[in-house]
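Fold and geometry: a report
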Amino acid sequence: MTSASPKVTEKDGLSAGAMVNDFSITVGTMNGSGSQTSNLTIIRALFKMGIPVSGKNVFPSNIQGLPTWYTIRVSKDGYLARRDDQEIVIAMNPDSFGKDLASVTPGGLFLYADHLRFDVNRDDIRVDTFPAKDLVRKSDTPNNLRDYVANMAYVGVLSELIGIDLDAVYSALDFHFDGKQKPIDINFNVIRDAAVWTAENLRPQEKFRVEPMDATSEYILTDGNTAAALGAVYGGVQLMTWYPITPASSLGEAMNIYLPRLRKDPETGKNTFAVIQAEDELAAIGMAVGGGWAGLRAMTSTSGPGISLMTEFAGLAYYSETPIVVWDIQRMGPSTGLPTRTSQGDLTQVYFLGHGDTQNLMLLPGSVNECFEFGWRAFDLAEQLQAPVYVLSDLDLGMNTWMTQPFRYPEDPMQRGKVLWEEDLEKRSERWGRYLDEDGDGITYRTLPGNKHPASAWFARGTGHDEYARYTEDPEDWDRNMDRLRRKYETARDFMPDPVIDAPEGVSVGIIAYGSTDPAIAESRDLLAKEGIATSYMRLRAVPFKQAVREFIENHDRIYVIEMNHSGQMHQILTLEYPHLSEKMVSLCHNNGLPLAARWIADQIMEQER
Amino acid sequence: MTSASPKVTEKDGLSAGAMVNDFSITVGTMNGSGSQTSNLTIIRALFKMGIPVSGKNVFPSNIQGLPTWYTIRVSKDGYLARRDDQEIVIAMNPDSFGKDLASVTPGGLFLYADHLRFDVNRDDIRVDTFPAKDLVRKSDTPNNLRDYVANMAYVGVLSELIGIDLDAVYSALDFHFDGKQKPIDINFNVIRDAAVWTAENLRPQEKFRVEPMDATSEYILTDGNTAAALGAVYGGVQLMTWYPITPASSLGEAMNIYLPRLRKDPETGKNTFAVIQAEDELAAIGMAVGGGWAGLRAMTSTSGPGISLMTEFAGLAYYSETPIVVWDIQRMGPSTGLPTRTSQGDLTQVYFLGHGDTQNLMLLPGSVNECFEFGWRAFDLAEQLQAPVYVLSDLDLGMNTWMTQPFRYPEDPMQRGKVLWEEDLEKRSERWGRYLDEDGDGITYRTLPGNKHPASAWFARGTGHDEYARYTEDPEDWDRNMDRLRRKYETARDFMPDPVIDAPEGVSVGIIAYGSTDPAIAESRDLLAKEGIATSYMRLRAVPFKQAVREFIENHDRIYVIEMNHSGQMHQILTLEYPHLSEKMVSLCHNNGLPLAARWIADQIMEQER
Amino acid sequence: MADSRRPSNVNEAGLNKNEYRGAPTTLCAGCGHNSISNQIIAACFEMNLIPENLLKFSGIGCSSKSPTYFLNRTFGFNSLHGRMPSVATGAVFGDHSLKAIAVSGDGDTASIGMGQFKHVIRRNLNMVYIVENNGVYGLTKGQFSATAEEGLSLKYQGRNPYEPIDICVEALAANATFVARSFAGDAKQVKSLIKAALSHRGIAILDIISPCVTFNNSDEAHHSFGWGRENETPIHDITYVPVRDEIRIDGYENGSTKLVEMHDGSVVLLEKVGEDYDPTDRMSAVRLLEDAAAREVLITGLIYIEQDEPTLTDIYEIPDTPLNRLEESRLRPAPETLEKINARMF
Amino acid sequence: MADSRRPSNVNEAGLNKNEYRGAPTTLCAGCGHNSISNQIIAACFEMNLIPENLLKFSGIGCSSKSPTYFLNRTFGFNSLHGRMPSVATGAVFGDHSLKAIAVSGDGDTASIGMGQFKHVIRRNLNMVYIVENNGVYGLTKGQFSATAEEGLSLKYQGRNPYEPIDICVEALAANATFVARSFAGDAKQVKSLIKAALSHRGIAILDIISPCVTFNNSDEAHHSFGWGRENETPIHDITYVPVRDEIRIDGYENGSTKLVEMHDGSVVLLEKVGEDYDPTDRMSAVRLLEDAAAREVLITGLIYIEQDEPTLTDIYEIPDTPLNRLEESRLRPAPETLEKINARMF
Ligand SMILES: Cc1ncc(C[n+]2csc(CCOP(=O)(O)OP(=O)(O)O)c2C)c(N)n1
Ligand SMILES: Cc1ncc(C[n+]2csc(CCOP(=O)(O)OP(=O)(O)O)c2C)c(N)n1
Ligand code: SF4
Ligand code: SF4
Ligand SMILES: [Mg+2]
Ligand SMILES: [Mg+2]
């Protein structure tokens, strides 16, 4: 089966001014109306056609009835970042019609369902309407499903107008409905009818076209929270304790889906894991601390408000040296803020989380694929360093659909750190002490509950303790223990993942960034290159830093630290680490809830480099 | 009545090697044994004699039966800081006898109760015993009180040996027991008998003597938590919500004592305040936030663990712009740490308290007297700036007994900030908006519940809001509001108290410190001066900083930032504010639970200045 | 006895119903919470309350959003998840002449909020505390809450293995002075109970089963409209009779009707439906709830009421003038007093 | 039937009593908590438990310090104030073959810890949860806790205006499967109840009145030794009969004695003292407590027991091998599985 209209098969798309595989489509709908299925179908179809594609869901913090937008970008060059321009806008929601109409880039295309009765006052764009409701009514869709299916109409219209292959659309539906024929047919029929109607009633257009490529075969399409959950599953997670919160909930829910499938005990068929929905975040991290102390690979996932509630336990985990993994899927704060908008605003808080003197370990995944990697690696680090490890993702990375490299199976075996069992204690001549720094690296040996050796037990506490975990208020004991913790933190640097550095010879301008902004940075560097500004780029993947970070800063004259928060939090942490280099570091912050756009970055840097 | 022994009246104390009004006395007892009364009696008697005196209580985190130490320093020069040397040590507790004996400075004096049967292996000190139990038994003390009164014996022995005026001792008891004759007599009799016994049985000594001075008449004797409570009382506190925690509990309890006495409504005789012991710290700050929002002068007091639990509400108060005052009486952390030891370890945490981008306002009282001042001033600042104000005191300042200047009545009337009542709204032509920046200073106008004007109501929230407090997810709205908060933070600089600066002409070495270390810094500067090292000194009283702070740093070549924490937290905050000046700033940290000693500071600085 | 000079759409407070409304709801169409909001609006309108004399509070959740959708002219605070009670407690001290209406959810109250729920009851804060109970976390898209029945299955969540927490049982255990249960599908009863609660001095706990039509509304689910309609079993018919209408009551005085006189003089009529029930007896309240749980029926009505306990602000003996209107002269003691204190500091 | 070859001071586990002790106590002389610690030691010794097969947990407080003073050879975690239940919950998954003993205080449990207390009960964690209840905050020097009786006056604190929270009532409301109350002054009963609790599968709540001799021990105070001795009213005499001693029981089989067979085969004998009492009936438990509160008597004994509820770890169907001993091959799925997943990611 090919697209309903013959025109499209002619390869005349590359006429002057035509934008092939290089534009953005935004759909304005009402949330809870099932439009998510339509949007995913479009993305998947494009992906299936081999065209690099990305999707950004900009949705409200409620469940049904408010305006929501989905922006799909096709980019033959493989750029995945959000763009401010949107060449094609589809309006399905009366409440946002005006906004949607205004948002079309001049020369663009505006499509809307004809039951929205508005007059259009722009002549710098092409405008078309289509009979969404009619098409559904004419189809054999059961009444109760019609409202949902209505959104399939624009999939058909769009496919016809820009040339999306209906085979690809079909397999997208096939995937979405897991091969269930009935829903596949219901939806596909509407799409096909809409495509036919479009071919017969709308003037074809050649300006915005998609054409098959072979640029996606090396990739998969998924989101960061699913990746994080799967990473944890392959990291041997044993205890996942969580409390629902946007945008972290889908991480816990992915565990509910994958753990039962993947982690039945090969020997007994029983569960080698437990997922507990706690009564709140204090209990969630409390359970994780209990599990980590008892030798389990324990984790919790949350977002800003939850991190705040976890503060006291964070201090206990740090000071009692209990391995746990905490995922913070960052959303816009302060306070409850914007629960459905992305941000990188929790860095300094997490870095200093806990009263008294604490310094925490942070991982900063920069892609969906890296969410998977850190999903398992975080456990190795937590157990090796006997400390809480915080993985700072964000809503964009965690909840949006990305094309990303396939998940790579963990290269090395699990690192369980310094644990002593019965036989280990048997072997020892000298007395073991829980906080005795035998190796001089600040990392001490621990025993786990269930160890039957009479000398294995110890009493964990958040109060002052000596090398044998005994309570002490002695000033020297306190000092010595704090110095060891500092030593351990220095040791940690070697364990943390390296930054990803691209520093061409002789380039004087450097960019430092981390996390979900990576695609925007990459694209902005190309924009800058076109303007004759060559840049180096270091993507940080962890705090504390390695020597390489310092060198990168030293080797450049000006470094732009780019992040999605209001205070320049990474810039602050870098300043604390390298005060003598601070003069070189310029903080560039953008934090309005929308993922960063390359254009903004390029403009900011150009402004200063010109 | 004069001291029982005539010898003491002869003024021959100033013989060679004699230390008059310039030494330290440490008493080692068992906690819960009533020794605190004895120690306070000694301090008060010395104070009564006009001799500058200070006391440091080093006590365990339990209620009864463990070793506890009390160090009294007399200093004719008025130095109030802790010293490491202790010329006189009195041992009452077998469990700490060895430690106590070892702690006497060579040439010093060691006294112990003769029921402690130990042999003494030091010949570089004078050693005497006294019959504590005997003296009590011989006195007419009721059996049930004997154990407590036993500690009065050393008061008598000490008084006789170093020349404490028994009249002064008597009035100390009179004060302590609030004029109640019976306890006064019971205790004084033992003291007098002990003095007489000493005069008759112990060799007098001339080396360590106290002699009347007139250096305390301008001072009072009290602790920082009492001062803070009284400051709040005179600041018009209306709602105090707290949860018990060492070392903050005595602040709440002082409120229970003073509010009923001072704050009955003149018109109705009813309470113009409410003190609520909450079920935990989350509830304590939650109630304060509710009260502050409703227009009350609301406060809470806690220590590290409580601050951690308050994190989420701190973010809400910051972002909803609700005035509250939070006292953090710092103790040693991380985690539960050392509940009865002092520290300055919560600075960076409080500065960044709350997820997302927050920057908090901090007051840093440097004396008991200043605890009183900030007790009321914090409310003015909170209401003027519509923000949470954190007052960071510590255990040393809050719980120890200090001589300090009398409390000064608030010079200016209460500053209630920008509040609109019915008549104010009546007057307005243009529409009022809760977050409308009419004055351009980032501070907006608020209305309070109970306002009957139909346009007065608004719905407070921790979610994104526009100028009219309506929920919004619009990127521009968010940005605009965050920019205003930043503007407000800049405005705040002018409101915060100035640093106290002593910068003599042409001095190149500067010291920056804050809080309870002030006496140690002052003394260390004299020590350094003797070594030919002139220093300037800036005592910070607040974050964010004023212009003057920057200038002080600019005007010196090397600045030592001295603090009682492990990470150099103020040094970190200064580095973030003035990265370009960071090279000048050296961090000096000491954090083992004991108040800072001048000697340590001087040595540290000399090491680097030589 | 309607006032003849008054336009028909205006109540005795001189306000029309719109002045009791809030912003348009952003909750799902058909959500139980919306019908409860409507009954709050109706109750306040019919009781002639002045919006400025009320206060609104909520935590976080779909339910906690609803105060945005009623009483626009009333001050309110949409606080933090599970922490509404503490914020309300502090705020009521600002002006204790105001009556507080709080809306929470089952997650907001029974999961993260259990501690504050218990302690605000213990303090007997003068507040109507409505739990819009749907057995799920609506706003986070349908996870189990602590009130979900054992065995309930939800998408992505699997099967709930735990026994549910019973809001009313918990309220009674904490000595609540007013405990009622209702069903969002029973508008009339909801409204009557809200009126009674508004007339109660002290904490009034209303556990209202309020179906989440999006995530937990299948007919077998104990918090669904279907199940509620099937299984609701009122323990009595409730009629709220405002202060001045006592005359009206006479008719009712008879064996089959219980009469509860409220502090403000209004009267709550409880007309017998099944066997006798006495809402002033704690033990029968407990028995009723135990039995209902065992038999899996949704009993509704005024379960327990105790009218003579002092409220929190009574206990603190504060002046009649709201604390937040006291001027400096009444808040800052005179200078002499401080001199005395200094003198006393040894 | 003591083993003849065994030295008399050694139990059937081959351990002497000292091997069940902890560090010397640092609590006040005479503190009720110390006597409870001693009974824990005695119970474990007499039950021949291996210390390494137990776990210790506590929050923060004088009571929560006490695990330092018993079972030195047992792993333990002195966690955070009010948060012990969550830490214990996570830890038990590490090795579910271990039996957990937790000690908390009334402040730790009924004030800051109310939420976690309720939810750990709801999950029926297999743990003995002892609340050392003294009506005050001991470690912070004598402030009111939420269990302090109304009207109690304490130095610097004034008079407590609130009704107390009843730990047992709260436990029942949350469907606890084992609820008992005792008095530190009644060593024999405390020990028997601890033994019964240790034999119970699931959460066992022991509310033990444990006087704070330093801050709340005046004879009129409801948590004092004096008041306890005056007012303790056992609902039955309790004898714990270990597994192999059934023969001994025969004598008891008669109308005046109730016999509760525990999961591990041991038997708890409840000898009638006053009127009949059936600890397996929830309503009589509630009635008992309501009545005791009204009459201000300290009823003690096994108030409620329900033995057939699955414990938390039962529900999760984990292998018999402790989770914390599973090696990588059982924790990390095979590479092929990941390829399948990648393939499924469209
Ligand atoms: C501290 C914190 N944790 C988690 C969340 C996420 N969250 C928002 S609403 C909600 C639960 C709401 O459930 P419920 O109280 O029953 O209200 P409903 O939506 O069902 O009416 C949660 C967990 C949050 N906002 N804050
Ligand atoms: C988060 C936190 N808040 C407050 C404290 C201070 N604190 C220590 S023990 C305690 C109360 C102890 O009371 P309870 O649980 O009854 O134990 P008890 O000492 O009476 O045995 C408090 C409030 C703390 N350690 N942590
Ligand atoms: S999700 Fe459920 S609770 Fe939330 S608004 Fe929709 S129906 Fe109501
Ligand atoms: S203070 Fe009270 S509770 Fe604490 S140890 Fe002493 S007697 Fe026990
Ligand atoms: Mg709910
Ligand atoms: Mg207690």
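One structure accompanies this document, and this report is about it.

Conventions and cut-offs
- Residues numbered from 1 in each chain as written.
- Chains lettered and ligands numbered in written order.
- Predicted model: local features only at pLDDT ≥ 70, side-chain atom pairs only at ≥ 80, totals over all residues.
- Heavy atoms only, no water.
- Helix = DSSP H or I, 4+ residues; strand = E, 2+ residues; numbered from the N terminus.
- Rg over C-alpha atoms; globule rule 2.2 N^0.38 Å.
- Contact = heavy atoms within 4.5 Å.
- Areas by Shrake-Rupley, 256 points an atom, 1.4 Å probe, with all protein chains shown as cover.
- Lys, Arg positive; Asp, Glu negative; His and termini not counted.
- Charge placed at Lys NZ, Arg CZ, Asp CG, Glu CD.
- Buried < 20%, exposed > 50% of the residue type's maximum accessible area, 1.4 Å probe, protein only.
- Donors = N, O, S within 2.8 Å, 3.2 Å for Na, K, Ca; no water.
- Pairing = 2+ DSSP bridges.
- Axes fitted to C-alpha atoms, helices over the stretch in contact; angles between N-to-C directions.
- Near = heavy atom within 4 Å.
- Nonpolar A, V, L, I, M, F, W, Y, C, P; charged D, E, K, R; others polar.
- Polar contact = N/O pair within 3.5 Å; in protein donor to acceptor, adjacent residues only side chain to side chain.
- Least-squares fit on C-alpha atoms with pLDDT ≥ 70 in both.
- Salt bridge = Lys/Arg side-chain N within 4 Å of Asp/Glu carboxyl O.
- Buried area = accessible area lost by both parts, 1.4 Å probe.
- Phe/Tyr/Trp six-rings, centres within 6.5 Å; stacked < 30°, edge-to-face > 60°.

This brings us to the overall build of chain A. Scanning chain A from terminus to terminus reveals 21 helices and 26 strands. Against the 2.2 N^0.38 benchmark of 25 Å for 610 residues, chain A shows a C-alpha radius of gyration of 27 Å, consistent with a compact globule. Expressed along its principal axes, the backbone C-alpha trace of chain A runs to roughly 90 × 60 × 40 Å. Here the contacts in chain A between residues at least 6 apart in sequence split such that 76% fall between residues at least 24 apart. Total accessible area on chain A stands at roughly 18800 Å², and carbon and sulfur atoms take up 49% of it. Each charge class in chain A can be summarised by its mean position, and for the 58 positive and 84 negative side chains these summaries are 3 Å apart.

What follows concerns the overall build of chain C. If you tally the helices and strands in chain C, you get 13 helices and 15 strands. Over its C-alpha atoms chain C spans a radius of gyration of 21 Å, differing by no more than 12% from the 20 Å that the globule rule assigns to 346 residues. C-alpha atoms of chain C, sized along the principal axes, occupy 70 × 55 × 45 Å. Burial statistics for chain C: of 346 residues in total, 65% are counted as buried. The contacts in chain C between residues at least 6 apart in sequence include a share of 70% that link residues at least 24 apart. When the accessible surface of chain C is split by element, carbon and sulfur atoms take 50% of a total near 11800 Å². Averaging the coordinates of the 33 positive side-chain charges in chain C and doing the same for the 45 negative ones gives two points 6 Å apart.

On to the coordination of the magnesium ion (ligand 5). Tetrahedral coordination by four donors places them ideally at 109.5 degrees to one another around the metal; octahedral coordination by six donors ideally gives 90 or 180 degrees. Residues and elements named next belong to chain C. Every protein donor of the magnesium ion (ligand 5) is accounted for by D106 (OD), N134 (OD1) and V136 (O), and the metal-donor separations fall at 2.0 to 2.1 Å. Mapping the donors of the magnesium ion (ligand 5) onto the primary sequence gives the spacing D-x27-N-x1-V. Within this pair, whereas D106 is found in helix 4 (residues 106-111), its partner N134 is found in the loop between strand 4 (127-133) and strand 5 (136-137), the two being separated by 28 residues in sequence. With relative accessibility at 2%, the residue D106 sits in the buried group. Relative accessible area serves as the criterion here: at 4%, N134 is assigned to the buried category.

Residues and elements named next belong to chain A. If you walk across this open sheet you meet the six strands as 3-4-2-5-6-7, and the pairing is mixed. If you trace the sheet from one side to the other, it starts and ends with strand 3 (53-58) and strand 7 (126-130), each paired once. Between one strand axis and the next, the sheet turns through 15° on average, direction left out of account. Sheet topology note: the strand 2 (residues 22-30)/strand 5 (residues 88-91) ladder contains four bridges and is parallel. Bridge pairing in strand 5 links V27 to I90. Here helix 1 (residues 35-48) sits on the sheet in contact with strand 2, strand 3 and strand 4 (67-75), set at roughly 0° to strand 4.

So, about the site of ligand 3. Around ligand 3 lies a shell formed by I63 of chain A together with L27, C28, C31, H33, C62, N134, C212, V213, T214 and F215 of chain C. Nearby residues around ligand 3 are contributed by chains A and C. Taken together, the residues that form the shell around ligand 3 break down as eight nonpolar, three polar and no charged.

Every one of the 23 residues lining ligand 1 counts as a neighbour, but E281 of chain A together with H33, S63, D106 and D108 of chain C are closest to it. Close to ligand 1, residues of chains A, B and C are found. Between ligand 1 and the protein, one listed contact pairs an oxygen atom with a side-chain N or O atom of H33 of chain C at 2.8 Å. Between S63 of chain C and ligand 1, the recorded distance is 2.8 Å, taken from a side-chain N or O atom to an oxygen atom. When residues of the shell around ligand 1 are traced back to their parent elements, those giving at least two are helix 11 (304-309) of chain A together with helix 2 (62-65), helix 4 and strand 5 of chain C. Per element, the largest residue contribution to the shell around ligand 1 is three residues, and it comes from helix 4 of chain C. Its residues assigned to classes, the shell around ligand 1 shows ten nonpolar, nine polar and four charged.

So, about the relation of the copies chain D and chain C. Relative to chain C, chain D is turned by 180° and slid 0.0 Å along the rotation axis, the superposed coordinates differing by an RMSD of 0.0 Å. These values place the two chain copies in the arrangement generated by a two-fold rotation axis. Across chain D, the rotation axis passes nearest the C-alpha of G115 of chain D, at a separation of 2.4 Å. The residues that chain D uses at the interface reappear at the interface of chain C in 100% of cases, marking a shared surface.

Residues and elements named next belong to chain A. Inspection of every chain in the model, using the stated rule, returns 122 salt bridges over all chains. A salt bridge links D439 to K418; its shortest N-O distance comes to 2.5 Å. Residue D439 is located in the loop between helix 16 (422-427) and strand 19 (446-447), and its partner K418 is located in the loop between strand 17 (402-404) and strand 18 (419-420); the two are separated by 21 residues in the primary sequence. You can call D439 partly exposed: its relative accessible area is 39%. For K418, a relative accessible area of 15% translates into the label buried.

So, about the sheet that holds strand 10 (residues 204-209) of chain D. Here nine strands make up an open sheet; going across it, the order is 20(A)-2(D)-1(D)-3(D)-4(D)-10(D)-9(D)-15(D)-11(D) and the pairing mixed. Single-partner strands in this sheet number two, and they are strand 20 (459-461) of chain A together with strand 11 (232-234) of chain D. Put simply, the sheet's adjacent strands are angled 20° from each other on average, direction ignored. With three bridges joining them, strand 11 of chain D and strand 15 (residues 298-305) of chain D adopt parallel strand pairing. Its bridge partner being in strand 15 of chain D, P234 of chain D is matched across the sheet by T300 of chain D. Packed onto the sheet, helix 3 (residues 84-92) of chain D meets strand 1 (54-58), strand 2 (75-78), strand 3 (99-105) and strand 4 (127-133) of chain D and runs at close to 155° relative to strand 1 of chain D.

By a widespread convention, an interface's size corresponds to the accessible area lost as its parts come together. If you look at the interface, chain A gives 80 residues, while chain D gives 56 residues. Interface of chain A and chain D: buried area, both sides summed, is about 5700 Å²; carbon and sulfur atoms make up 63% of it. Looking only at chain A, the three residues that lose the most surface to chain D are Y234, Y409 and F459 of chain A, adding up to 12% of its buried area. Seen at the junction of chain A and chain D, the total is five salt bridges. When the shortest N-O distance is used, the salt bridge between E422 of chain A and R325 of chain D registers 2.7 Å. Where chain A packs against chain D, one counts 25 residue pairs in polar contact (both at pLDDT 80 or more).

What follows deals with the environment of I125 of chain A. Residues and elements named next belong to chain A. When you line up the elements, I125 lands in the loop between strand 6 (109-113) and strand 7. Residue classification places I125 among the buried positions, given a relative accessible area of 10%. Taking the C-alpha atoms as reference, I125 lies 36 Å from S367; in sequence the two are 242 residues apart. In this view, I125 contacts L101, V104, T105, P106, G107, G108 and F110; residues no more than four positions away in its chain are not counted.

Turning our eyes to something else, we now look at helix 20 (residues 569-577) of chain B. Here helix 20 of chain B lies mainly inside the structure; eight of its nine residues are buried. Residues of helix 20 of chain B that are buried include every one of Q569, M570, H571, Q572, I573, L574, T575 and L576 of chain B, and no others.

This part covers the side chain of T401 of chain B. On the secondary structure map, T401 of chain B appears in the loop between helix 15 (395-399) and strand 17 (402-404). With near-sequence residues (within four places) excluded, T401 of chain B lies in contact with L40, G55, Y70, L221 and T222 of chain B.

Turning next to the interface of chain D and chain C. The interface is formed by 30 residues belonging to chain D together with 30 residues belonging to chain C. Both sides of the chain D and chain C interface together cover about 2500 Å² of buried area, and 54% of this is carbon and sulfur. If you look at where chain D meets chain C, you find four salt bridges. One salt bridge connects E290 of chain C with R282 of chain D, and the closest N-O pair in it is separated by 2.8 Å. Elements represented by at least two residues in the side of chain D that touches chain C include exactly helix 4 (106-111), helix 5 (114-122), helix 6 (167-173), helix 10 (282-295) and helix 11 (312-315) of chain D.

Below, the discussion takes up the packing of aromatic side chains. Within this structure, the stated rule accounts for 49 aromatic pairs over all chains. Note on W293 of chain A and F77 of chain D: the rings are 5.4 Å apart at their centroids and 70° apart in plane angle, and the pair reads as edge-to-face. Linking W293 of chain A in helix 10 (residues 281-293) with F77 of chain D in strand 2, this pair reaches from one chain into another. The same class applies to W293 of chain A as to F77 of chain D, namely buried. Aromatic side chains F352 of chain A and F352 of chain B sit 5.7 Å apart centroid to centroid with 5° between the ring planes, which places their arrangement in the stacked category.

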